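Chain by chain, the residues:
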Amino acid sequence: MTTTDPTLSLAGGATAPPAGRRPARRSSYRAAETRRKWYEIIGLTTPAVIVYVMFVLVPMGFAFYYSLFRWRGVGPPTDYVGFDNYVLAFQDPIFLDALRNNAIIVFGSLLIQGPVALGVALLLNRSFRGRTVFRLLVFVPYVLAEVTVGIMWKLILTPDGTLDELLRSLGMGGLVQAWLADLDVVIWTLLLVLTWKYVGFAIILLLAGLSNVPQELNEAAAIDGASWWQIQRHITLPLLGPTIRIWMFLSMIGSLQVFDVIWVTSVPAVRSLGASATMATYMVDNGFFARLWGYGNAVAVILFAISFVAALLFQRFLLRRDIQGAITGRVHRS
């Protein structure tokens, strides 16, 4: 009876390695690769995490801490009031007017900018003479600084200003209003200014989405006898859905936090009555200029909480499919 040697002789005198050695090398190699990838991930993300913690999480923590005190910004906060600043905010009619104005800007921006941007984007997606110049003119308001836009429109909308004179010259003097002083008109005036400022961003974003729509689908539908409107409704708009939803998300968050254009364009006396105030301008008026730093921090926390919840709800119900497709790359079948 002969025994089998684990190292059998091969041609030329070479011997085969033990059976368990190769898998051990392979597992150790995989472990080393895994450690190397984790080291790379940690090394690349650590600077970003540090910056995020120092400039986002830490200020948020201090804002919440100071919001629990009645503090005027001098010396350490000692007058602890708990959540009284939050209760006072929701009891202030001016803050409630600011909430209403933010809601008007959010829904007004979506309902006005969306159709206008989509119509202009579909027009600019077709070839015609002067299309490049028209694209440039449409995008110019967005690249202008918010302060510049606010000053420009404040001069245009002053009594007997450019807009009033234009309406009178066209025989429509009856439409002349105190655009920035009428408590019932000012928020709608500011909404139109914001639309003029930011609709160019929506147009450019939609044009980028339209560039990814395969022309072969449109051509095939046209050959089958579909009209231009049918092609846009059944092919272009469904494929443009992810881009539209991304724009809606950005527009919603920007409308909740809008400050610059409102602050520069609106009249302080009208804003103090709540007619043109937003949560951001209310926070600055009461936190910085009134020296109520604890109360101002409470308003900042409320603004953050509303924006955060709105973002979570939007992602949960409208962006979930787009985000899952981008992260996993899976094809979802119905």
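Nothing here was measured: the structure is a model prediction, and the numbers come from that model.

Here is what the cut-offs are and how they apply
- Residues numbered from 1 in each chain as written.
- Predicted model: local features only at pLDDT ≥ 70, side-chain atom pairs only at ≥ 80, totals over all residues.
- Heavy atoms only, no water.
- Helix = DSSP H or I, 4+ residues; strand = E, 2+ residues; numbered from the N terminus.
- Axes fitted to C-alpha atoms, helices over the stretch in contact; angles between N-to-C directions.
- Parallel < 35°, antiparallel > 145°, perpendicular 65-115°, else oblique.
- Contact = heavy atoms within 4.5 Å.
- Nonpolar A, V, L, I, M, F, W, Y, C, P; charged D, E, K, R; others polar.
- Core = buried A, V, L, I, M, F, W, Y, C linked by side-chain atoms within 4.5 Å.
- Buried < 20%, exposed > 50% of the residue type's maximum accessible area, 1.4 Å probe, protein only.
- pLDDT = per-residue confidence, 0-100.
- Salt bridge = Lys/Arg side-chain N within 4 Å of Asp/Glu carboxyl O.
- Left-handed = near helix turned anticlockwise from the far one by under 90°.
- Expected span 1.5 Å × (residues − 1).
- Bend = angle between axes of the 7 residues up to and from the residue.
- Phe/Tyr/Trp six-rings, centres within 6.5 Å; stacked < 30°, edge-to-face > 60°.
- Lys NZ or Arg CZ within 6 Å of the ring centre and 35° of its normal.

### Focus: unusual backbone geometry
And step 1. Positive phi outside glycine occurs at Asp160, with the angle close to 60 degrees.
And step 2. Within the secondary structure layout, Asp160 lies in the loop between helix H5 (146–156) and helix H6 (162–169).
And step 3. The backbone of Arg291 sits at a positive phi, close to 60 degrees, despite the residue not being glycine.
And step 4. With respect to the helices and strands, the residue Arg291 is situated in the loop between helix H12 (279–289) and helix H13 (293–317).

### Let's talk about the packing of helix H9 (residues 228–256) against H13
When two helices pack together, their arrangement is given by the angle between the helix axes and by the axis-to-axis distance.
And step 1. Contact geometry for H9 and H13: axes closest at 10 Å, N-to-C directions at 170 degrees. By the angle class used here, H9 and H13 are roughly antiparallel. Contacts between H9 and H13 involve Arg245, Met248, Phe249, Met252, Ile253 and Leu256 from the first element and Leu303, Ile306, Ser307, Ala310, Ala311, Phe314 and Gln315 from the second.
And step 2. Its residues placed into classes, the contact of H9 with H13 shows 10 nonpolar, two polar and one charged.

### Some remarks on the nonpolar core
And step 1. Membership of the largest hydrophobic core comes to 26 residues, with the highest contact counts inside it found for Tyr86, Phe95, Phe249, Met252 and Tyr282.
And step 2. Among the secondary structure elements, those contributing two or more residues to this core are helix H2 (84–91), helix H3 (93–124), H9, H12 and H13.
And step 3. For Tyr282, the contacting residues outside a window of four places in its chain are Asp92, Ile94, Phe95, Ala98, Gly287, Tyr295 and Val299.

### A closer look at the confidence of the model for the chain
And step 1. Of the residues in the chain, 89% have a pLDDT of 70 or more, and the chain-wide mean is 84.
And step 2. The weakest mean pLDDT in the chain belongs to helix H14 (residues 320–328) at 60; the strongest belongs to H2 at 93.
And step 3. Within the model, the stretch residues 6–12 combines pLDDT values under 50 with nine contacts to residues more than four positions away or in other chains.
And step 4. Counting contacts from residues 327–334, a segment whose pLDDT is below 50, to residues more than four positions away or on other chains yields three contacts.

### Comments concerning the pattern of salt bridges
And step 1. Across all of its chains, the model carries seven salt bridges by this definition.
And step 2. Between Arg36 and Glu33 there is a salt bridge, with its nearest N and O atoms 2.8 Å apart. Here Arg36 pairs with Glu33, and both are found in helix H1 (residues 21–66), just three residues apart, close to one helical turn.
And step 3. The class of Arg36 is partly exposed, set by a relative accessible area of 38%.
And step 4. The structure contains a network of salt bridges with shared partners spanning Glu33, Arg36 and Glu40.

### Topic: the packing of H3 against helix H7 (residues 186–210)
And step 1. Running from N to C, H3 and H7 cross one another at 40 degrees; their axes reach a closest spacing of 7 Å. By the angle between their axes, H3 is oblique relative to H7. Of the two elements, H3 crosses H7, and the hand of that crossing is right-handed.
And step 2. The residue inventory of the contact of H3 with H7, partitioned by class, reads 21 nonpolar, five polar and no charged.

### Remarks on H9
And step 1. For H9, built from 29 residues, the straight-helix expectation of 42 Å at 1.5 Å per residue is missed by more than 12%, its first-to-last C-alpha distance being only 36 Å.
And step 2. Of all the bends in H9, the greatest, near 50 degrees, is centred on Gly241, and the proline Pro242 appears no more than four residues after it.

### Concerning the packing of aromatic side chains
And step 1. Taken as a whole and assessed by the stated rule, the structure comprises 20 aromatic pairs.
And step 2. Considering the side-chain rings of Phe139 and Tyr142, the 5.5 Å spacing of their centres and the 40 degrees angle between planes classify their relative orientation as tilted. Of the two residues, Phe139 and Tyr142 both sit in helix H4 (residues 131–143), three residues apart, roughly one turn of that helix.
And step 3. Seen in terms of ring centroids, Phe249 and Phe314 are 5.7 Å apart; in terms of plane orientation they differ by 45 degrees. Their pairing is tilted. Taken together, the residues Phe249 in helix H9 and Phe314 in helix H13 connect sequence positions 65 residues apart.
And step 4. A connected cluster of aromatic rings, assembled from ring pairs, spans Phe62, Tyr65, Tyr66, Phe69, Trp71 and Tyr80.
And step 5. Sitting over the face of the ring of Tyr198, Lys197 holds its NZ or CZ atom 4.7 Å from the ring centroid.
And step 6. Taking the ring centre of Trp263 as reference, the NZ or CZ of Arg271 above it sits at 4.1 Å.

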